[in-house]
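Observations on the three-dimensional arrangement
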Amino acid sequence: MPEDYLHELRVVSSVLPFKVNQYVVDELIDWSAAPDDPIFRLTFPHRDMLPPDVFDSMSALHLTAASPDVIRKAAREIHGRLNPNPGAQLAANVPTHQEHPLAGVQHKYAETVLVFPAQGQTCHSYCGYCFRWSQFVGNAEIRQVAPDVGRVVSYLEEQHAVTDVLFTGGDPMIMSSAVLERWVDPLLTPALDHIRTIRFGTKALSYWPYRFTTDRDADDLLRLFERIVAGGRHAALMAHFSHPRELQNPAVEKAIRRIRDTGAVIRAQAPLIAHVNDRAEDWAGLWQRLVELGVVPYYMFVERDTGAHSYFSVPLTRALRIYTDAVRSVSGLARTARGPVLSAAPGKVLVDGIADIGGTEVFTLRMLQARDPRLVGRQFFAHHDPSAEWLDDLRPALGSWWP
Ligand SMILES: *Cc1c(COP(=O)(O)O)cnc(C)c1O
Ligand code: SF4
């Protein structure tokens, strides 16, 4: 790569995390199309991922050969300006248990508890747009980490409304099967019979499918899924797929088949991202192939207002058009993907359409998930604004209720 680009890479990756593995480099990126190749854009830094003034100040430090310490300090100051925990995650989602905040746990929606296992806070490669980037930059103040499963279990024993536990990160599939068992097996006891579904949020099928095929402990992982299913519970892989390219390797097909043979169900979700998957045919191709492989399309997200969002975000109007065009060209089996969805502080907001109501052009919006369960399903209206990218950019229309 040219020295100019290597400089940009060093500057951006001293603020935002960068990591790419051999599989992504050898099997996913089409180097003849780089740098515009979607998987290159997905994983490799670009200067526009940082606001211009931030890039320039960090660039100056590198050009004057500042010490790693000085660069780290400057980076830490910048992290605070990039909205490291969007949607009030730390302030509003962390529950209190026995009078203390339950570290590494989020309980935003009544039925689902998120767990961030300490050993799972990295990924096989990093996505440039990641909204969990603050987990990876070695800054304890903005990280969410559960040290062990003990307090999680004692919290769940009291929370009878919880049906789902979702292991997230990072990527929980980065953990060895032995470590993962230490997190999962304690949930499979009769005392936690109200936990009906164990979910794993993962991009390992895209970034390291061998996790489920030839890794030394791949079979142990599949046995773990089988144990969950054998106990009458549901094992769900919430797989992150960004682009149909990620489904083309035979290793992925084999991994999907092996997971499905355990009785676990794979659902697919990803954000809609400029430079990566912002064409309807990307999504139609992805959903169609997923259905053929037995994977259920689940969510199409809007890029969150954090980290490198200025480079990756797509206006809501365009996102809606891409979603609608993609949905139109696939059968009902692929239309299980809901979107575009904003995972915002009050809940998951669906951009349902654009309508003309009595001469006012509005976005019609709907709460798919809400911090307050009574608000699930609630519709509301915002003035149509073709440049709006997030809930904060919208204004209520027609005297609408607002979350
Ligand atoms: C999306 C999300 C969930 C899961 O929601 P489902 O609609 O049940 O998939 C749970 N907790 C948080 C904080 C979320 O953002
Ligand atoms: S796999 Fe998920 S958590 Fe990991 S970098 Fe990508 S978006 Fe972030």
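Here the structure is a predicted model, which is why all the values come from computation and not from measurement.

1. Quick word on the overall build of the protein
Secondary structure summary: the protein contains 14 helices and 13 strands in total. Relative to a compact globule of 403 residues, whose C-alpha radius of gyration would be 22 Å, the protein shows 21 Å and is just as compact. Dimensions of the protein, computed from C-alpha atoms along their principal axes, come out at roughly 60 × 55 × 50 Å. In the protein, buried positions account for 55% of the 403 residues. For the protein, long-range pairs separated by at least 24 residues make up 71% of all intrachain contacts whose partners lie at least 6 apart in sequence. Carbon and sulfur atoms provide 52% of the accessible area of the protein, an area that totals close to 16,700 Å². Charge separation in the protein, taken as the distance between the mean sites of 41 positive and 47 negative side-chain charges, equals 4 Å.

2. Regarding the packing of aromatic side chains
Under the defined criterion, the tally for this structure stands at 19 aromatic pairs. Consider the rings of Tyr129 and Phe312, whose centres lie 5.9 Å apart with planes at 85°: the pair is edge-to-face. Highlighted residues: Tyr129 in the loop between β4 (112-115) and α7 (150-158) and Phe312 in helix α13 (residues 309-312), separated in sequence by 183 residues. Across the pair, Phe312 and Tyr129 agree in class, each one buried. Here Phe167 and Trp183 contribute two aromatic rings whose centre-to-centre distance is 6.5 Å and whose plane-to-plane angle is 75°, an arrangement assigned as edge-to-face. Of this pair, Phe167 sits in strand β5 (residues 164-167) while Trp183 is found in helix α8 (residues 177-184), placing the two residues 16 residues apart along the sequence.

3. A word on the site of ligand 1
In the vicinity of ligand 1, the contacting residues are Lys108, Tyr109, Thr112, Leu114, Arg199, Tyr298, Tyr299, Ser343, Lys348 and Gln369. Between Ser343 and ligand 1, the recorded distance is 3.5 Å, taken from a side-chain N or O atom to an oxygen atom. Here Gln369 contributes a side-chain N or O atom positioned 3.2 Å from an oxygen atom of ligand 1. Relative to its unbound accessible surface of 390 Å², ligand 1 loses 86% to contact with the protein. Those elements that place two or more of their residues in the shell around ligand 1 are β3 (105-109), β4 and β9 (296-302). A class-by-class count of the residues in the shell around ligand 1 yields 4 nonpolar, 3 polar and 3 charged.

4. Considering the side chain of Ser400
Inspection of the secondary structure assignment puts Ser400 in the segment after β13 (379-383). For Ser400, a relative accessible area of 16% gives the class buried. Among the polar contacts made by the side chain of Ser400, one reaches the main-chain amide nitrogen of Phe381 at a distance of 2.9 Å.

5. Quick word on the nonpolar core
Counting residues in hydrophobic clusters, the biggest one holds 99 residues, and the most contacted among them are Phe200, Leu205, Phe212, Phe225 and Trp287. A total of 6 residues in this core trace back to one element, the largest contributor, which is helix α12 (residues 280-292). When we break this core down by domain, the ones giving at least three residues each are domain 1 (3-81) and domain 2 (85-303). In contact with Leu205, not counting residues within four places along its chain, are Phe212, Leu237, Ala239, Phe241, Val252, Ala255, Ile256, Ile259 and Ile266. Counting residues in hydrophobic clusters, the runner-up holds 17 residues, among them Ala344, Val349, Leu365 and Leu394.

6. Some points on the sheet that holds strand β10 (residues 338-344)
Spatial ordering of the open sheet is given by β3-β4-β5-β6-β7-β8-β9-β10-β11-β12-β13, a layout of 11 strands whose pairing is mixed. Each having just a single partner strand, β3 and β13 make up the two edges of the open sheet. For this sheet, the mean angle separating the axes of adjacent strands, direction not counted, is 30°. Sheet topology note: the strand β8 (residues 265-272)/β9 ladder contains 6 bridges and is parallel. Bridge pairing links Leu272 to Val302 in β9.

7. Considering the environment of Ser57
In this structure, Ser57 sits in helix α4 (residues 52-63). For the pair Ser57 and Val11, spaced 46 residues apart in sequence, the C-alpha separation works out to 9.4 Å.

8. Overview of the domain arrangement of the protein
When the parts of a complex come together, some accessible area is lost, and that lost area is often taken as the interface size. In terms of domain boundaries, the protein breaks down into domain 1 (3-81) and domain 2 (85-303). Between the C-alpha centres of domain 1 and domain 2 there is a distance of 26 Å. Of the roughly 2,100 Å² buried between domain 1 and domain 2 on both sides combined, carbon and sulfur atoms contribute 60%. Across the contact surface, domain 1 and domain 2 share 1 salt bridge. Here domain 1 and domain 2 share 9 residue pairs in polar contact (both at pLDDT 80 or more) between them. Of all the secondary structure elements, the ones that give two or more residues to the side of domain 1 that touches domain 2 are α2 (22-28), α3 (38-43) and α5 (68-81). The greatest single-element share of the side of domain 1 that touches domain 2, amounting to 5 residues, is contributed by α3. Partitioned by chemical class, the residues of the side of domain 1 that touches domain 2 number 13 nonpolar, 3 polar and 6 charged.

9. Quick notes on the packing of α4 against α5
Where α4 contacts α5, the two axes come as close as 10 Å, and the packing angle between them is 175°. By the criterion of interaxial angle, the relationship of α4 to α5 is roughly antiparallel. Contact residues: Asp53, Val54, Met58, Leu61 and His62 in α4; Val70, Ile71, Ala74, Ala75, Ile78 and Arg81 in α5. Of the residues in the contact of α4 with α5, the class split is 8 nonpolar, 1 polar and 2 charged.

Each value, and the rule that gives it
- Residues numbered from 1 in each chain as written.
- Chains lettered and ligands numbered in written order.
- Predicted model: local features only at pLDDT ≥ 70, side-chain atom pairs only at ≥ 80, totals over all residues.
- Heavy atoms only, no water.
- Helix = DSSP H or I, 4+ residues; strand = E, 2+ residues; numbered from the N terminus.
- Rg over C-alpha atoms; globule rule 2.2 N^0.38 Å.
- Buried < 20%, exposed > 50% of the residue type's maximum accessible area, 1.4 Å probe, protein only.
- Contact = heavy atoms within 4.5 Å.
- Areas by Shrake-Rupley, 256 points an atom, 1.4 Å probe, with all protein chains shown as cover.
- Lys, Arg positive; Asp, Glu negative; His and termini not counted.
- Charge placed at Lys NZ, Arg CZ, Asp CG, Glu CD.
- Phe/Tyr/Trp six-rings, centres within 6.5 Å; stacked < 30°, edge-to-face > 60°.
- Near = heavy atom within 4 Å.
- Polar contact = N/O pair within 3.5 Å; in protein donor to acceptor, adjacent residues only side chain to side chain.
- Nonpolar A, V, L, I, M, F, W, Y, C, P; charged D, E, K, R; others polar.
- Core = buried A, V, L, I, M, F, W, Y, C linked by side-chain atoms within 4.5 Å.
- Domains from an automatic or database assignment.
- Pairing = 2+ DSSP bridges.
- Axes fitted to C-alpha atoms, helices over the stretch in contact; angles between N-to-C directions.
- Buried area = accessible area lost by both parts, 1.4 Å probe.
- Salt bridge = Lys/Arg side-chain N within 4 Å of Asp/Glu carboxyl O.
- Parallel < 35°, antiparallel > 145°, perpendicular 65-115°, else oblique.

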